[in-house]
Structures are given as structure tokens and as C-alpha cells.
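A look at the structure
What follows is each chain in one-letter form.
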Amino acid sequence: KKAYVAAAVPSACGKTNLAMMNPTLPGWKIETVGDDIAWMKFGVDGRLYAINPEYGFFGVAPGTSVKSNPNAMRSIESNAIFTNCALTPDGDVWWEEMSDAPPAHLTDWLRRPWTPDAGRRSSHPNARFTAPARQCPVISPDWENPAGVPISAILFGGRRAGVVPLVNEALSWRHGTFLGSIMSSETTAAATGAVGTLRHDPFAMLPFCGYHMGDYFAHWLKIGDRADARKLPQIYYVNWFRKGADGQFMWPGYGENSRVLKWVFERVIGTGKAVDTPIGRLPAPGALDISGLRIADDRLAELLRVDVEGWIAELPGIRTHLEKFGSRLPLGLRDELVGLEKRLQAAAVGAGR
């Protein structure tokens, strides 16, 4: 069986790695339609279909390696363009984390001599690569299908060190729209502003939406109103970047994210188990396939825990964020915020007892 998933996450938060993933789960295969843009419309069957309007891939270079994204590395072996990367003595490119050990000598992105003890990066943190999508070894045979591909699930997410669990299923299309409207991420070099600060980035569209974002929210809600709810994609919120008290990532990410996609797939077809929480539905105990993965039980429990106090602490910031849209904030999203507050307060009272 095959299911198509669309994802909206800010720049440098894992889109390309997700699109070209090498699954760690036996028997599972990933094909990509694209890594950046999806244009969606309803098909004659009432489902949402998506096409990739781009000809190639455009990814952040630093951090990309054979370990993190082998299919991206294979895609850029030829016919590729690189920006703001370092150069090796023989004219090849290099960037941070491309290899375990850096070359002894490089020319950095500002054309200065560079060595590992230079005390600065060789490549700009937002250095990029681009290459034709047809060169990707896992490109889907449907990637240029003018009819598009039917979308079964939509993922939202960002880079959050705390509060946000590994995966969370929206309670409804309206609730999923609300989750998209309050998306937040710790900024990277691919975003304007100080790196590491928390920024709301609704639907990962902050740099791209050309009209009032309140109207954009309303458009999503109208899609839900006009469609058969049984045919709409299910919406999920993911966070690969949760950190523990030691400051280290709690989830291995990359190909292990296939375990989350498996649960999403099982939820779509009706076999995956979930538990209701104040923020949505999370995998039930044992529902996330961790076979062959060495992860402590307490760490997995923390990844899937609803941090009620943390969410309550975020409510004022969420409210301030939504107030920016004034009278054009749809009433449905105001109602979703009230509902979230009530569910969290009830959970807090229950925990106090």
C-alpha cells in the first residue's frame, strides 16, 4: 500500500531529510514527489491532490551528509549548483558535518584560507545546494503527474527543544488548522532574526504568504467546510528536535522518523492506536514501532508526554500571537484556543488531585 504525506515546517527543520528519507524499518520504502512546495486542489473524488511545481531540490548544505541524507548526496553528484560553501584544494565543495573530520585546508565561503583551528565556520550556516529532482534515486514515478497525488496526511512541525511531543494528531480539521496557525520554531540561520529564539511561523508560511494571514487561516477553514471530512487528510504536529536535561536530542531522527510515519499511516487506515490528550491524540503505549531501536523507556515516555504545565505557560504567547491578526482572525480559531485552555486547565486540576 502507498500513502502520500505533505509536510509544512520552517526552513532548516528537516523537509529535505524527510522527503528523501531512508527508512530504518524493514519492508518500508520512501519515494519523494518533492521537498519544498505543494500545490493542492480537490480531485473529482473529493480528495485533496498535490503537485510539485518545482523542477529541482533546494536544500540547506551544512548538516547534509551520507549519514544524515544519503539520497540528497547522491542527487547532487552532478549537474548541481552550490552557494556559500567552502572549496577544497582540488575545487570540490565542503561544508560543516559533510564528513566526520574536516579537510586540513579549505577556502571558506568568503574566499579566505581556512583550517580546522580557524575558529569560524568554513561555510555559511545557510549555504545551499540545488539539483534537478530527476537525479534523486528515490524520486516518485508520479512526481510529474499533472493530476497530482492524493494526500492522506499533513504534517506540521518545527524545531522545539521542549514542550511539544514527538507526534500529535489533530482532533479535527479545524483543530489541525489551529495547530498550523500556532506553529512555532526556534529560529535557524535560514530565518531572519536571532538564531535560537522562539518564533511563531504559521503553516511555515511567514516568509511566503502574500496576503493577510488571517485570510489564509480562513481559507483553510473553508476547505474543511466544503469537503467531506472523511476524505480530508488527517493533520499531525511533529517535533524531531526535543532535547533532554543533558541538552542532547532525545529522538535519533533521520531514517528513524519512519517509525512516526508508520504510526501516521496506521492511523490513516484505521489500525493505529491513540490516546486522547488535551492537545490532541498521541500514540497509545506500544503503538509506536520501536523494534530494533535502542531507546530507554523513560526517554520514549518523555517524548510522548503532554507537558501540561509547559503548554499552560505557552498560552499567553499563543494568545498574543493570534491577537496580531485582529478582527480577521477566524472565530473558529478563537474557539479552538478557548477549548485548548479548558482542556489544559482540566488536566492540571486532575493532576493536582
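So, a few notes on the structure that sits alongside this text. (Residues numbered from 1 in each chain as written. Predicted model: local features only at pLDDT ≥ 70, side-chain atom pairs only at ≥ 80, totals over all residues. Heavy atoms only, no water.)

Turning our eyes to something else, we now look at the pattern of salt bridges. According to the stated counting rule, one finds 21 salt bridges in the structure shown. When the shortest N-O distance is used, the salt bridge between Glu-31 and Lys-29 registers 3.4 Å. Its relative accessible area of 28% is what places Glu-31 among the partly exposed residues. For Asp-100, the salt bridge identified is with Lys-67, shortest N-O distance 3.0 Å. You can see Asp-100 sitting in the loop between strand S7 (93-94) and strand S8 (106-107) and its partner Lys-67 sitting in the loop between strand S4 (56-60) and helix H2 (70-75), a full 33 residues away along the chain. Across the pair, exposure class does not vary: Asp-100 and Lys-67 are exposed alike. Residues joined by salt bridges that share partners form a network here, namely Glu-169, Arg-267, Asp-276 and Arg-281. (Salt bridge = Lys/Arg side-chain N within 4 Å of Asp/Glu carboxyl O. Buried < 20%, exposed > 50% of the residue type's maximum accessible area, 1.4 Å probe, protein only. Helix = DSSP H or I, 4+ residues; strand = E, 2+ residues; numbered from the N terminus.)

Within a regular beta strand, the side chains point alternately toward one face of the sheet and then the other, so they alternate between its two faces. Buried residues dominate strand S11 (residues 149-157), accounting for eight of its nine residues. Here strand S1 (residues 4-8) runs beside S11; their pairing, made up of five bridges, is parallel. Among the inter-strand pairings, Val-5 is bridged to a residue of S11, identified as Ala-153. Strand direction decides the pairing type here: strand S3 (residues 48-51) and S11, joined by two bridges, are antiparallel. Residue pairing in the sheet places Ala-50 in a bridge with Val-149 of S11. In terms of strand pairing, S11 meets strand S15 (residues 234-238) through five bridges, oriented parallel. Bridging from a neighbouring strand, Ile-154 pairs with Ile-235 of S15. (Pairing = 2+ DSSP bridges.)

Before going further, it helps to spend a moment on the environment of Thr-32. Position of Thr-32 among the secondary structure elements: in the loop between helix H1 (15-19) and strand S2 (39-42). Separated by 293 residues in sequence, Thr-32 and Phe-325 place their C-alpha atoms 35 Å apart. Discounting residues that sit within four places of it in the chain, Thr-32 has contacts with Ala-19, Phe-57, Cys-136, Val-138, Ile-139, Ser-140 and Trp-143. Of note is the side chain of Thr-32, whose polar atom sits 3.2 Å from the backbone nitrogen of Gly-34. (Contact = heavy atoms within 4.5 Å. Polar contact = N/O pair within 3.5 Å; in protein donor to acceptor, adjacent residues only side chain to side chain.)

Turning our attention to the pairing of strand S10 (residues 128-132). Summarising burial for S10: four of the five residues are buried, a large majority. Pairing analysis gives five bridges linking S4 to S10, with the strands arranged antiparallel. What sits directly across from Phe-58, in S10, is Thr-130. Relative to S10, strand S5 (residues 81-83) runs antiparallel, the two being bridged by three bridges. Bridge pairing links Thr-83 to Arg-128 in S10.

The subject of this paragraph is helix H5 (residues 258-269). Over its twelve residues, H5 runs 16 Å from end to end, which matches the ideal 16 Å to within 8%, given 1.5 Å per residue. Every buried residue of H5 is accounted for by Ser-258, Arg-259, Val-260, Leu-261, Lys-262, Trp-263, Val-264, Phe-265, Glu-266 and Arg-267. In this fold, the buried residues of H5 make contact with H1, S11, strand S12 (167-169), S15, strand S16 (274-277) and strand S17 (280-283). Positive backbone phi, at 95°, marks Gly-270, one or two positions downstream of H5. (Expected span 1.5 Å × (residues − 1).)

The next subject is unusual backbone geometry. Of note in this structure, Asn-84 is not a glycine but carries a positive phi near 60°. In this structure, Asn-84 sits in the loop between S5 and strand S6 (86-87). Assessed through its relative accessible area of 36%, Asn-84 is described here as partly exposed.

A few words on the sheet that holds S10. One open sheet accounts for three strands, arranged S4-S10-S5; its pairing is antiparallel. The open sheet has two edge strands with one neighbour each: S4 and S5. Each neighbouring strand pair of the sheet contributes to a mean axis angle of 15°, computed without reference to strand direction. (Axes fitted to C-alpha atoms, helices over the stretch in contact; angles between N-to-C directions.)

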